[in-house]
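Geometric and topological summary
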Amino acid sequence: MKIHSYILLVLIVLAVFLAGLLYGPANISPLEAAKALYDDESNLTKLILLEVRLPRVLLALSIGASLGISGAALQGFLQNPLAEPALLGSGPAAALGSVIVFYFGAFGAGALILPLAGIVSALLATVFVWFLAGRAGNSTTLILAGVAISSLAGSLTALVLNFAPNPFAAAEIIFWLMGSLADRSMEHLWVSLPFMIIGWLLLLSVRTTLDALSLGAETARSLGVNLRNVSIRIIFGTALAVGAATSVAGVIGFVGLAVPHILRPFVGHRPGSLLFASALGGAVMLGIADLAVRLFSVGAELKLGVLTALIGAPFFLALILKLRRG
Amino acid sequence: MSEITVKQLSVMKGGYVKNINFIITSGNLLAVSGPNGAGKTTLLRALASLSSLSSGSIRFNGRELTQLDAKFRARRISYLPQKSEIHWALSVRDVVALGLMPFGSQLDKITPSENEKIDRQIESFRLEKLSHRPANELSGGELQRVNLARALVGDPEVLLADEPAAALDPGVQLDVMTKLKEIAASDRIVIFTTHEIRHAFRFADKALLLGGHGTCIGFGEPQLVFNNENLLRCFGIRPIGGEIKEGVDFERIISSDA
């Protein structure tokens, strides 16, 4: 991808950021926004902008970036266009960790207990997958281990729901699992962003290696690639990015699968260049999806995860059909 | 002048070869042959540092291969696996450029001097018209030219090619063999595996014949290694007319299920 395409993507991210601040159930004009922000007194517009929308938009962008870059890294590493972040189990495990917090009602420990539980369980699941798959970094055993951990996390989540203390707790858990960015504060951003950034950096550090892996593992190794080192970075990079994202927003599918797929032709199909592009693309996609959820909901807010899943399923089917023909 | 010295090499994991000894120097094309499962690929992978040795040693220019830094080794020893994989629709040019990766090259930051090297290989393998095509859409023969260009772009001292002519039409097979001969003649060590004894006989300077269970049956001049006794022992065949010479065909004497 040429440098001006990256600049264009960055500009779109900025546009989505501004739109996310200004549009919602109450639209604010740029002029009003500027006036409110320069006003020393606290006012309603300022409150909406800084306390309600700013964390929400920043979370949408950073979570979208995490899902996009993780999807691109996993697809490149596993040489499989259908790979996505949930595959290695960190997403479902993060969801389980957060659900357990819900179950025990451990909010007394502070608002941050939820994301922290998610991140810790995502990391635990990843270490488990790592040992289960063997440390050689074979992609098939890695996928199998990921699927096993994902289904274990899924059934344990069902178990927690089964024993939910009351219907309200169960409903709350289910709503949370659907994925949403409503009512998130800057604290959520501060606790999750550092983990996401470490994840992004780990993933970006293997971009040249991912290019070499396009020629298969054997050839990559003969080019001097240390597969073990690469798989550690990819596994922990996605665990940190996706675990932190899921623990704040619940389960959001589709972005990690679709964004790399859409952008791949624009980077000359290079898996390495696709990483950064997919981070920007994921931010744009989730930013727009969250804006759509806010603008088009009537009555109960449509959950972000439900919207992405609704768009995602047909996309996934189309991708399978295309692969079958190809 | 480069040199590979293999001494009492045995590999037991991920294939099997036992007690292999040979020395090969630059300017030589070495054919490794033997029946299916004799350990040809295992030997080649060991030479590429892709499998670990059980005992014995491989020395490259006097230094133990296993002691060499991975990048250092990758700059000097190129490897073409038997099954070439190209995932994603990378352009032919990008695939060739990946051969420069051990030198720190990155696909999105190719320098002018790297571009020059890539151009030279593209020209040398007549890939100009294909250079922007997706490499995963090429025919077998075109792809093998791309692979060779990729393997040579970093100007290695050694080229290891696993069955480079397998599954190609007879014309392209000859092209590939001629190219390997040229590469060896330009002061490099080229080691390739093959089932095609006639290729080994006609093009190779040296031959290494592996028998069942990865043991070495013979190493040296192809005329001497591919003698009637060895051919019968390894493949159950003998040359029609009783004498091996260029262009000869073979007849089956002992069937494999006998």
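Preceding this paragraph is the structure being described.
Residues numbered from 1 in each chain as written. Chains lettered and ligands numbered in written order. Predicted model: local features only at pLDDT ≥ 70, side-chain atom pairs only at ≥ 80, totals over all residues.

**Concerning the overall build of chain B**
Going by this rule: Only DSSP runs of H or I covering at least 4 residues are called helices, and only runs of E covering at least 2 are called strands; the numbering of each starts at the N terminus. Here the globule rule is a power law, 2.2 Å times the number of residues to the power 0.38, and the radius of gyration is based on C-alpha atoms. Residues with at least 20 neighbouring C-beta atoms inside 10 Å of their own are called buried, those with 12 or fewer are called exposed, and the rest are partly exposed, where every C-beta is derived from the backbone. Note on contacts: residues are paired as contacts if their backbone-placed C-beta atoms lie within 7 Å.
The helix and strand inventory of chain B stands at nine helices and twelve strands. Relative to the compact-globule value of 18 Å for 258 residues, chain B shows a C-alpha radius of gyration of 19 Å, a close match. Overall, the C-alpha framework of chain B stretches about 55 × 40 × 30 Å when taken along its three principal axes. Going through the 258 residues of chain B one by one, you find that 44% of them count as buried. Expressed as a percentage of contacts within chain B between residues at least 6 apart in sequence, the contacts between residues at least 24 apart total 65%.

**Considerations on the overall build of chain A**
Assigned secondary structure in chain A consists of 14 helices and zero strands. For chain A, the α and β elements follow one another from N to C terminus as α-α-α-α-α-α-α-α-α-α-α-α-α-α. Since a compact globule built from 326 residues should have a radius of gyration of about 20 Å, the 20 Å found for chain A is in line with a globular shape. C-alpha extents for chain A along the principal axes are approximately 65 × 55 × 35 Å. Out of the 326 residues in chain A, the part that is buried amounts to 50%.

**Details of the packing of helix α4 (residues 90–104) of chain A against helix α11 (residues 227–249) of chain A**
All names here are of chain A. Threshold: Where helices are involved, their axes are fitted lines through C-alpha atoms of the stretch in contact, as for all axes, and angles between N-to-C directions lie from 0 to 180°. Here the word oblique covers every angle except those under 35 degrees (roughly parallel), over 145 (roughly antiparallel) and from 65 to 115 (roughly perpendicular). Should the near helix be turned anticlockwise from the far one by less than a right angle, the crossing is termed left-handed; should it be turned clockwise, right-handed. Here the term charged refers only to Asp, Glu, Lys and Arg, the term nonpolar to Ala, Val, Leu, Ile, Met, Phe, Trp, Tyr, Cys and Pro, and the term polar to all other amino acids, Gly among them.
Closest axis-to-axis distance for the α4/α11 pair is 8 Å, and the angle between their directions is 40°. The orientation of α4 with respect to α11, classified from their angle, is oblique. The crossing of α4 and α11 is right-handed. Counted together, S90, G91, A94, A95, G97 and S98 of α4 and T238, A239, V242, G243, T246 and S247 of α11 form the full contact between these two elements. Of the residues belonging to the contact of α4 with α11, the class tally is four nonpolar, eight polar and no charged.

**Considering the sheet that holds strand β1 (residues 3–11) of chain B**
Residues and elements named next belong to chain B. Put simply, the rule reads: A pair of strands counts as paired when DSSP detects no fewer than two bridges linking them.
The four strands lie next to each other as β2-β1-β4-β5, forming an open sheet whose pairing is antiparallel. Sheet topology places β2 (17–25) and β5 (63–64) at the edges, where each strand pairs with a single neighbour. Pairing analysis gives six bridges linking β1 to β2, with the strands arranged antiparallel. From the neighbouring strand, L9 faces β2, where its bridge partner is I20.

**Some points on the pairing of strand β8 (residues 189–193) of chain B**
Residues and elements named next belong to chain B. Under the convention used in this document: A crossover gets the label right-handed when its path from the first strand over the helix to the second runs clockwise, viewed with the strands pointing away from the viewer.
In terms of burial, β8 is a largely internal element, five of the five residues being buried. Strand direction decides the pairing type here: strand β3 (residues 29–33) and β8, joined by four bridges, are parallel. The partner of L29 across the bridge, within β8, is V190. Relative to β8, strand β7 (residues 158–161) is paired through four bridges, and the arrangement is parallel. What sits directly across from L159, in β8, is V190. What joins β7 to β8 is helix α6 (residues 170–185), and the crossover it makes is right-handed.

**A short note on the interface of chain B and chain A**
Counting from both sides, the interface comprises 22 residues of chain B and, opposite them, 20 residues of chain A. Taken together, the residues of the side of chain B that touches chain A sort by class into 15 nonpolar, three polar and four charged.

**Quick notes on the nonpolar core**
All names here are of chain B. We count it as follows: We call a set of buried Ala, Val, Leu, Ile, Met, Phe, Trp, Tyr and Cys residues a nonpolar core when their C-beta atoms link them within 7 Å. Start and end positions for the domains come from either an automated domain assignment or a database one.
With 172 residues, the main nonpolar core has L160, L180, V190 and I191 as its most contacted residues. Built from parts of two domains, this core gets at least three residues from each of domain 1 (3–226) and domain 2 (227–258). Residues in contact with V190, not counting those within four places in the same chain, are L29, L30, L159, L180, I183 and A184.

**Here's the deal with the sheet that holds strand β9 (residues 206–210) of chain B**
All names here are of chain B. Spatially, the six strands line up as an open sheet ordered β6-β7-β8-β3-β9-β10, and their pairing is mixed. In this open sheet, the two edge strands, each paired with only one partner strand, are β6 (77–80) and β10 (216–220). The average undirected angle you get between the axes of adjacent strands in this sheet is 10°. Bridge analysis of β3 against β9 gives four bridges, and the strand direction is parallel. Bridge pairing in β9 places L30 opposite K206. Relative to β8, helix α1 (residues 40–47) is tilted by about 150°, and along the sheet it contacts β3, β7, β8 and β9. Helix α9 (residues 228–235) contacts β9 and β10 of the sheet and is inclined by roughly 140° relative to β10.

**Side note on the environment of A:S214**
In this fold, A:S214 is placed in the loop between α9 (207–213) and α10 (217–222). Judged by the 26 C-beta atoms lying within 10 Å of it, A:S214 falls in the buried class. When near neighbours in sequence (up to four residues on either side) are disregarded, A:S214 contacts A:P271, B:I86, B:H87, B:W88 and B:L90.

**Side note on the packing of α4(A) against helix α7 (residues 167–177) of chain A**
All names here are of chain A. Two elements in contact, α4 and α7, have axes separated by 10 Å at closest approach and are oriented at 155°. Compared by their axis directions, α4 and α7 come out roughly antiparallel. As α4 packs across α7, the resulting crossing turns out to be right-handed. Residue-level inspection shows A95, S98, V99, F102 and Y103 of α4 in contact with α7, the latter providing A169, E172, I173, W176 and L177. Grouping the amino acids of the contact of α4 with α7 by side-chain chemistry returns eight nonpolar, one polar and one charged.

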